[in-house]
Amino acid sequence: MMNRNKSDLCLARAKECLEGLSVGDAVGEALSYQSYRCRDLVDFSAFRPGTLRFTDDTEMALAIVETLERLGGIDDDVLAWAYAKRYRNDPDRGYGKMARHILQQICDGMPWREVSKNAFGGGSFGNGAAMRAAPIGAYFADDLSVVPTMATKSAHVTHFHPEGIAGAIAVAVAAAVASKHKNQSADVATRAIWEAVLDLTPKSKVRERLAVSHRLSGATAKVVVREVGNGSEISAQDTVPFCLWSACNHLACYEEALLSTIEVGGDCDTNGAIVGGIIASFSGLDGIPKNWHKAREPLPIPRE
Ligand SMILES: [Mg+2]
């Protein structure tokens, strides 16, 4: 059992990460239809505060943070219900078709394991488990060894396929190491993130493509996207390797990380959520541009 002060610190880190994830989600969504000219459109200061809506990425990450707050860890039965409850209360958040189907069945009382295993005849390998996983890493940043297990539990409730789970593990591990290296140089942190992610992500296409993006550290985003995808197929293997590359290449600057991620298109809100969650784990709330933060609708939990 964690003592009170320690769990408060873990929760504060998870909430900070959630802010970064959610701003990335909302900004990515807002710019997704004209992503190629996002740099011209990104000044949200003329927007009324709170008008950028977040999507399912944030909804599901909220369920994770609520569960961490309640239990000090991830219990898959509890989390399945937390996902389903948030979906039932606010279904119009851009959930994918299969996610809606899975969550509705859980709402209807079907056991999540059965529902999740049967999705697409073997479990979903969509990017939906990765998009919400960063706060788990931030929460358990002091103990990297538990991150893959906790990320797996958060993933398999809706994404039973090993690729879907591998994507969640990679993102959670990246956020954990980013958070652990908060006051160190971005170069040192980046090296540590790659090392841990390649070490702890299970053998999978996600892992294979992560190795490719790691090798492409000095390349342009365009080249990386050509090699590993940008989330346009909405699979974990098509999404996570580029997002990890983008987060690691711009770890010191949330704004540049988000813009260069959104600029190349693909699944813009999810890519924004993944990159935003990892970068905020490293830079803290101060790294998130103030006008972006103000433009995003408020999160339904008190800020730390
Ligand atoms: Mg979304």
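What you see is a predicted model; the values in this text were computed from it and never measured. (Residues numbered from 1 in each chain as written. Predicted model: local features only at pLDDT ≥ 70, side-chain atom pairs only at ≥ 80, totals over all residues. Heavy atoms only, no water.)

**Q** Any chance you could explain the packing of helix H10 (residues 186-200) against helix H13 (residues 236-249) here in plain terms?
**A** Two numbers describe a pair of packed helices, the interaxial angle and the distance between the axes. Where H10 contacts H13, the two axes come as close as 9 Å, and the packing angle between them is 155°. By the angle between their axes, H10 is roughly antiparallel relative to H13. Crossing handedness for the pair H10 and H13: right-handed. Counted together, Thr-190, Ile-193, Trp-194 and Val-197 of H10 and Leu-244, Trp-245 and Cys-248 of H13 form the full contact between these two elements. For the contact of H10 with H13, the residue count by class is six nonpolar, one polar and no charged. (Axes fitted to C-alpha atoms, helices over the stretch in contact; angles between N-to-C directions. Helix = DSSP H or I, 4+ residues; strand = E, 2+ residues; numbered from the N terminus. Parallel < 35°, antiparallel > 145°, perpendicular 65-115°, else oblique. Left-handed = near helix turned anticlockwise from the far one by under 90°. Contact = heavy atoms within 4.5 Å. Nonpolar A, V, L, I, M, F, W, Y, C, P; charged D, E, K, R; others polar.)

**Q** What is the right way to read the coordination of the magnesium ion from this model?
**A** Put simply, the ideal angle at a metal is 109.5 degrees for four donors in tetrahedral geometry and 90 or 180 degrees for six donors in octahedral geometry. Distances from the magnesium ion to its protein donors, Thr-55 (OG1), Asp-56 (OD), Asp-57 (OD) and Asp-269 (OD), fall within 2.0 to 2.3 Å. Along the chain, the residues donating to the magnesium ion are arranged with the sequence spacing T-D-D-x211-D. With a gap of 214 residues between them, Thr-55 in the loop between helix H2 (38-41) and helix H3 (56-71) and Asp-269 in helix H15 (residues 268-283) connect regions that are remote in the sequence. Taking relative accessible area as the criterion, Thr-55 reaches 6% and is therefore assigned buried. Classification of Asp-269 as buried rests on a relative accessible area of 10%. (Donors = N, O, S within 2.8 Å, 3.2 Å for Na, K, Ca; no water. Buried < 20%, exposed > 50% of the residue type's maximum accessible area, 1.4 Å probe, protein only.)

**Q** Would you explain the nonpolar core in this entry?
**A** Across soluble globular proteins, you tend to see nonpolar side chains buried next to one another. By size, the foremost hydrophobic cluster in this structure holds 99 residues, and its most contacted members are Val-171, Ile-193, Leu-210, Leu-244, Ile-278 and Trp-292. Counting residues in each nonpolar core, the second largest holds seven residues, with Ala-221, Val-225, Val-228 and Trp-245 among its members. (Core = buried A, V, L, I, M, F, W, Y, C linked by side-chain atoms within 4.5 Å.)

**Q** Looking at this structure, how should I read helix H11 (residues 205-215)?
**A** What sets the pattern is the α-helix's 3.6 residues per turn: residues three or four places apart point alike. For H11, every residue scored as buried is listed here: Val-206, Leu-210, Ala-211 and Ser-213. The buried residues of H11 all sit within an arc of 165° when viewed along its axis, so they share a single face. Looking at H11, the residues exposed on the side facing more than 90 degrees away from the buried face are Glu-208 and Arg-215. Elements that come into contact with the buried residues of H11 comprise helix H9 (162-180), H10, helix H12 (221-228) and H13. (Arc of directions from axis to C-beta.)

**Q** What exactly am I supposed to notice about unusual backbone geometry here?
**A** Note: most residues except glycine have negative phi, and most peptide bonds are trans. At Phe-120, a residue that is not glycine, the phi angle is positive and equals roughly 50°. Mapped onto the elements of the fold, Phe-120 is located in the loop between helix H6 (112-118) and helix H7 (134-139). For Phe-120, a relative accessible area of 59% translates into the label exposed.

**Q** Before we go on, may I ask you to explain the packing of H9 against H10 in this structure?
**A** One way to put it is that H9 packs onto H10 with a least axis distance of 9 Å and a crossing angle of 145°. The crossing of H9 and H10 is right-handed. For the pair formed by H9 and H10, the contact residues are Ile-169, Ala-170, Val-173, Ala-174, Val-177 and Ala-178 on the first element and Ala-189, Ala-192, Ile-193, Ala-196, Val-197 and Leu-200 on the second. Of the residues that constitute the contact of H9 with H10, the class distribution is 12 nonpolar, no polar and no charged.

**Q** How do you make sense of the pattern of salt bridges when you look at a structure like this?
**A** Side chains carrying opposite charge are able to pair once their charged atoms draw close together. One pass over the structure, following the stated rule, counts 12 salt bridges. For Arg-86, the salt bridge identified is with Glu-66, shortest N-O distance 2.4 Å. Taken together, the residues span a long stretch of sequence, with Arg-86 in helix H4 (residues 76-89) and Glu-66 in helix H3 at a distance of 20 residues. Under the relative-accessibility criterion, Arg-86 is labelled buried at 16%. Three or more residues are tied together by salt bridges with common partners; here these are Glu-59, Glu-66, Arg-86, Asp-90, Arg-93 and Glu-297. (Salt bridge = Lys/Arg side-chain N within 4 Å of Asp/Glu carboxyl O.)

**Q** Is there a simple way to think about the environment of Val-177 in this case?
**A** Here Val-177 lies in helix H9. With 81 residues separating them along the chain, Val-177 and Leu-258 place their C-alpha atoms 19 Å apart. Setting aside residues no more than four positions away along its own chain, Val-177 makes contact with Leu-144, Ala-189, Ala-192, Ile-193 and Ala-196.

**Q** What is the right way to read the packing of aromatic side chains from this model?
**A** Considering all chains together, one arrives at four aromatic pairs under this definition. Ring centres of Tyr-139 and Phe-140 lie 4.8 Å apart, and the angle between their planes is 70°; on these two criteria the pair is classed as edge-to-face. For the pair Tyr-139 and Phe-140, a shared accessibility class is recorded, and that class is buried. Aromatic side chains Phe-242 and Trp-245 sit 6.1 Å apart centroid to centroid with 20° between the ring planes, which places their arrangement in the stacked category. Here the residue Phe-242 and the residue Trp-245 both occupy positions in helix H13, the gap between them amounting to three residues, near one helical turn. The buried category is assigned to Trp-245, whose relative accessible area is 3%. One Lys or Arg, Arg-93, reaches over the ring of Phe-54 and ends 4.4 Å from the middle of that ring. (Phe/Tyr/Trp six-rings, centres within 6.5 Å; stacked < 30°, edge-to-face > 60°. Lys NZ or Arg CZ within 6 Å of the ring centre and 35° of its normal.)

**Q** For this particular structure, what's the right way to read helix H1 (residues 4-31)?
**A** For H1, which comprises 28 residues, the first-to-last C-alpha distance of 40 Å matches the rise-based estimate of 40 Å (1.5 Å per residue) to within 8%. With 20 of its 28 residues buried, H1 lies for the most part within the structure. (Expected span 1.5 Å × (residues − 1).)

Just distances and angles here, no functional claims.
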